[in-house]
Amino acid sequence: MMPNPLHYYRPDTITEARDLFEQLQRANQRPTYYGGGTEILTRSRLNDGDFDAVIDLKGIPELHVHEQDGSRLRFGSVLRLTELADRDLWPFLTATVDRIADHTTRGQITLGGNLFSTLPYKEALLPFLVSDSADLTVATPDGVKQRRLADVFDEELRLDPGDFLISVTVDGQEAKALAFKSFKMTRQDWIDYPLVTIGTARREDGSIRAAFSGWSSFPFTSSRVNKILSNTQKPPEERAREAVAAMPFHAVDDIHGSSEYRQFVTQYTLARMLKELEAQS
Amino acid sequence: MKSLTRPEQISFNVNGEPRDVVIYPGETLLYTLRGDALGLTGAKPGCENGDCGACTVLVNEIPVKSCMVLTPEVEDQAITTVEGLQNAPIQQAFLDHNAFQCGYCTSGFLMVGHALSQDVDNGSPERTVEWLRSNICRCTGYQEIYDAVSSVAHPNG
Ligand SMILES: Cc1cc2nc3c(=O)[nH]c(=O)nc-3n(C[C@H](O)[C@H](O)[C@H](O)COP(=O)(O)OP(=O)(O)OC[C@H]3O[C@@H](n4cnc5c(N)ncnc54)[C@H](O)[C@@H]3O)c2cc1C
Ligand code: FES
Ligand code: FES
């Protein structure tokens, strides 16, 4: 049990953190932002991290914001997953994050750390992916900027090097109007990485959207799949079968399950979710 | 801004006492607690990967896996380890329910059970199950552990 060979910094302001990142880079260090540290410390222990300095963001007050801010719900990036669930400002987000890891670990994992995880899952992204109004508040060299989530999401949330997430917002009306279901399917144990995690939402106009984690090496939503799921002329089982056949990526084959098994589980889970969503309305 | 780039002294409160310890910047709380300066070996290294919960301690009354926390993060905060439990009801409950075999996981489970016992108003069987899922017992004495924790976490059923 050797200490990780890391330098530790805990800035008090957004500017301090952003400037520090560049200063450390200029000094030939390899900084990384640090939220809950559950992934960084695991990687560091396995010598799998390209970093030698951590910038702990938890000292910055703006990153702890957790409120209805005018018409928007705002979630600071260092909020722990248990804080999100306890406050339950957006039940769809609660239902999704409450199935990540275990309770003690959820008290350590931060929202920002999950959204920017280097692992394939990033399950906290799913509710934001199915909403139209998700925005990111980002620290950049030119100050604090707003970015539409849809504009920076390309298999992952892509920020410029050195930029970091301050908070995520969604429109409160949109969030409230989404009827939702969030299901995580694991191979065997309740606590595990997902075989597939699915977030589905039914919008006010009756259309359905779904976002998936675990199916491929990144979370995604697909307009083609959403269109199939929204065709209520067909029974849920048929839509689920067609949706799985129309997925834009191949289902991964890994230790959690074979590609075929993933497809099978996704299909029956989707069918069940559609039935429950439609029964709800 | 706090910065630690070499071994340095930091302060926190451990089991109700203020303590000053010299730490490396990248040291985990588990490492610091078990080191010579504090010698609190109740928190156990198991997986050191966040999976087993043998290293669980309380930080400001909340269970955390101490292998997944850097010690500088908990500067000036209140840490409770199993050594800090003095005649806590959870300890008697473990004895009454024979809730340990080899004992390696016990301190971690005790800390989760103790945290639950401090919030009985919100206690329920579901909550107990959910919190206990954070810890692994290789001897598989889960039923006895659940019974012991339930008796202090939701004593009225
Ligand atoms: C026991 C256990 C079970 C787990 N189970 C799951 C699971 O079921 N599902 C799942 O998805 N993951 C799971 N994980 C993986 C994991 O911990 C996640 O990757 C977690 O979300 C990381 O969050 P963190 O706050 O600890 O991040 P950190 O380790 O602090 O950081 C993770 C990454 O995010 C970056 N980052 C952090 N904050 C910001 C920010 N504000 N802006 C920009 N970048 C940032 C960091 O630089 C780093 O690259 C599990 C981990 C453990 C230990
Ligand atoms: S040693 Fe910390 S969780 Fe296993
Ligand atoms: S009593 Fe042996 S690991 Fe739990």
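Computed from a predicted structure; not experimentally measured.

> In this structure, what is going on with the overall build of chain B? I would like to understand it.
A tally of regular secondary structure across chain B gives five helices and six strands. When the helices and strands of chain B are placed in sequence order, the string is β-β-β-α-β-β-β-α-α-α-α. In terms of C-alpha radius of gyration, chain B reaches 16 Å, essentially the compact-globule figure of 15 Å for 157 residues. For chain B, the spread of C-alpha atoms along the principal axes amounts to about 50 × 30 × 25 Å. Relative to its 157 residues, chain B shows a buried fraction of 51%. Here the contacts in chain B between residues at least 6 apart in sequence split such that 56% fall between residues at least 24 apart. Approximately 7000 Å² of chain B is accessible, and the part contributed by carbon and sulfur atoms is 46%. Averaged over its 9 positive side-chain charges, chain B has a centre that lies 6 Å from the centre of its 19 negative ones.

> What is the right way to read the sheet that holds strand 4 (residues 56-59) of chain B from this model?
Pairing between the strands of a sheet is mediated by backbone hydrogen bonds and can be parallel or antiparallel. Residues and elements named next belong to chain B. One open sheet accounts for five strands, arranged 3-2-6-4-5; its pairing is mixed. The two strands at the open ends of the sheet, each matched to only one other strand, are strand 3 (17-23) and strand 5 (62-65). Neighbour to neighbour, the strand axes of the sheet diverge by 45° on average, direction disregarded. Of the strand pairs in this sheet, strand 2 (residues 8-14) and strand 6 (residues 78-80) are connected by two bridges, and their pairing is parallel. Bridge pairing in strand 6 places Asn13 opposite Ala78.

> What is the right way to look at helix 2 (residues 89-96) of chain B in this model?
Two residues of an α-helix separated by three or four positions point the same way, owing to the 3.6 residues in each turn. All names here are of chain B. The complete set of buried residues in helix 2 reads Ile90, Ala93 and Phe94. For helix 2, the angular spread of the buried residues around the axis is 100°, confining them to a single face. The exposed set on the far side of helix 2, more than 90 degrees from its buried face, consists of Pro89 and Asp96. Those residues of helix 2 that are buried are in contact with helix 3 (106-117) and helix 5 (142-153).

> Would you mind going over the domain arrangement of chain B with me for this structure?
Frequently, the measure chosen for interface size is the accessible area that the parts lose on association. Residues and elements named next belong to chain B. As far as domains go, chain B holds domain 1 (8-81) and domain 2 (85-153). Taking only C-alpha atoms, the centre of domain 1 and the centre of domain 2 are 21 Å apart. Facing the 17 residues of domain 1 at the interface are twelve residues of domain 2. Together, the buried faces of domain 1 and domain 2 total about 1100 Å²; carbon and sulfur atoms form 62% of this surface. Where domain 1 packs against domain 2, one counts zero salt bridges. On the surface where domain 1 and domain 2 come into contact, there are five residue pairs in polar contact (both at pLDDT 80 or more). Of all the secondary-structure elements, those providing two or more residues to the side of domain 1 that touches domain 2 are strand 4 and strand 5. Ranked by the residues each element gives to the side of domain 1 that touches domain 2, the list is headed by strand 4, at three residues. When its residues are assigned to classes, the side of domain 1 that touches domain 2 shows seven nonpolar, six polar and four charged.

> Would you mind showing me how to read the site of ligand 1 here?
All names here are of chain A. The full set close to ligand 1 counts 34 residues, and Tyr33, Thr38, Glu39, Thr110 and Glu123 are the nearest of them. Side-chain polar atom of Thr38 to an oxygen atom of ligand 1: 2.6 Å apart, as the coordinates give it. Contact with the protein chains covers 94% of the free accessible surface of ligand 1, which is 980 Å². For the shell around ligand 1, the secondary-structure elements that each account for two or more residues are strand 2 (31-34), helix 2 (38-45), helix 6 (111-115) and strand 10 (164-171). Of the residues contributing to the shell around ligand 1, the split by class is 13 nonpolar, 14 polar and seven charged.

> Explain the packing of aromatic side chains here, please?
Two numbers describe a pair of aromatic rings. These are the distance of the centres and the angle of the planes. Residue and element names in this part refer to chain A. Summed over the entire model, instances satisfying the criterion amount to twelve aromatic pairs over all chains. Consider the rings of Trp90 and Phe128, whose centres lie 5.5 Å apart with planes at 70°: the pair is edge-to-face. On the criterion of sequence distance, the pair formed by Trp90 in the loop between helix 3 (81-87) and helix 4 (91-97) and Phe128 in helix 7 (residues 125-130) is long-range, its members being 38 residues apart. Note on Phe128: relative accessible area 1%, which makes it buried. Geometrically, the ring pair formed by Phe212 and Phe220 is stacked, given 5.4 Å between the ring centres and 25° between the ring planes. Neither residue differs from the other here; Phe212 and Phe220 are each classed as buried.

> Explain the nonpolar core here, please?
Note that soluble globular proteins tend to have their nonpolar side chains buried in a common cluster. Grouped together as the largest cluster of nonpolar side chains are 34 residues, with contacts concentrated most on Phe75, Trp90, Phe128, Leu136 and Leu149 of chain A. Of all the secondary structure elements, the ones that give two or more residues to this core are strand 5 (72-76), helix 3, helix 4, helix 6, helix 7, strand 6 (135-140), helix 8 (149-152) and strand 10 of chain A. The biggest single contributor to this core is helix 7 of chain A, with five residues. Two domains share this core, each providing at least three of its residues, namely domain 2 (62-174) and domain 3 (178-279) of chain A. Leaving out residues up to four positions away in the same chain, Leu136 of chain A has contacts with Lys145, Gln146, Arg147, Leu149, Val152, Leu157, Leu159, Leu165, Ser167 and Val168 of chain A. Counting residues in each nonpolar core, the second largest holds 29 residues, with Tyr34 of chain A together with Cys55, Val57 and Val64 of chain B among its members.

> Looking at this model, I keep getting lost on the packing of helix 2 of chain B against helix 5 of chain B. Mind explaining?
Between two packed helices, both the angle of their axes relative to each other and the distance between the axes serve to describe the pair. Residues and elements named next belong to chain B. For the pair helix 2 and helix 5, interaxial distance at closest approach is 8 Å and the crossing angle is 140°. Relative to helix 5, the crossing made by helix 2 is right-handed. Mapping the contact onto sequence places Pro89, Ile90, Ala93 and Phe94 in helix 2 and Ile145, Ala148, Val149, Ser151 and Val152 in helix 5. Residue composition of the contact of helix 2 with helix 5, grouped by class: eight nonpolar, one polar and no charged.

Criteria and cut-off values
Residues numbered from 1 in each chain as written. Chains lettered and ligands numbered in written order. Predicted model: local features only at pLDDT ≥ 70, side-chain atom pairs only at ≥ 80, totals over all residues. Heavy atoms only, no water. Helix = DSSP H or I, 4+ residues; strand = E, 2+ residues; numbered from the N terminus. Rg over C-alpha atoms; globule rule 2.2 N^0.38 Å. Buried < 20%, exposed > 50% of the residue type's maximum accessible area, 1.4 Å probe, protein only. Contact = heavy atoms within 4.5 Å. Areas by Shrake-Rupley, 256 points an atom, 1.4 Å probe, with all protein chains shown as cover. Lys, Arg positive; Asp, Glu negative; His and termini not counted. Charge placed at Lys NZ, Arg CZ, Asp CG, Glu CD. Pairing = 2+ DSSP bridges. Axes fitted to C-alpha atoms, helices over the stretch in contact; angles between N-to-C directions. Arc of directions from axis to C-beta. Domains from an automatic or database assignment. Buried area = accessible area lost by both parts, 1.4 Å probe. Salt bridge = Lys/Arg side-chain N within 4 Å of Asp/Glu carboxyl O. Polar contact = N/O pair within 3.5 Å; in protein donor to acceptor, adjacent residues only side chain to side chain. Nonpolar A, V, L, I, M, F, W, Y, C, P; charged D, E, K, R; others polar. Near = heavy atom within 4 Å. Phe/Tyr/Trp six-rings, centres within 6.5 Å; stacked < 30°, edge-to-face > 60°. Core = buried A, V, L, I, M, F, W, Y, C linked by side-chain atoms within 4.5 Å. Left-handed = near helix turned anticlockwise from the far one by under 90°.

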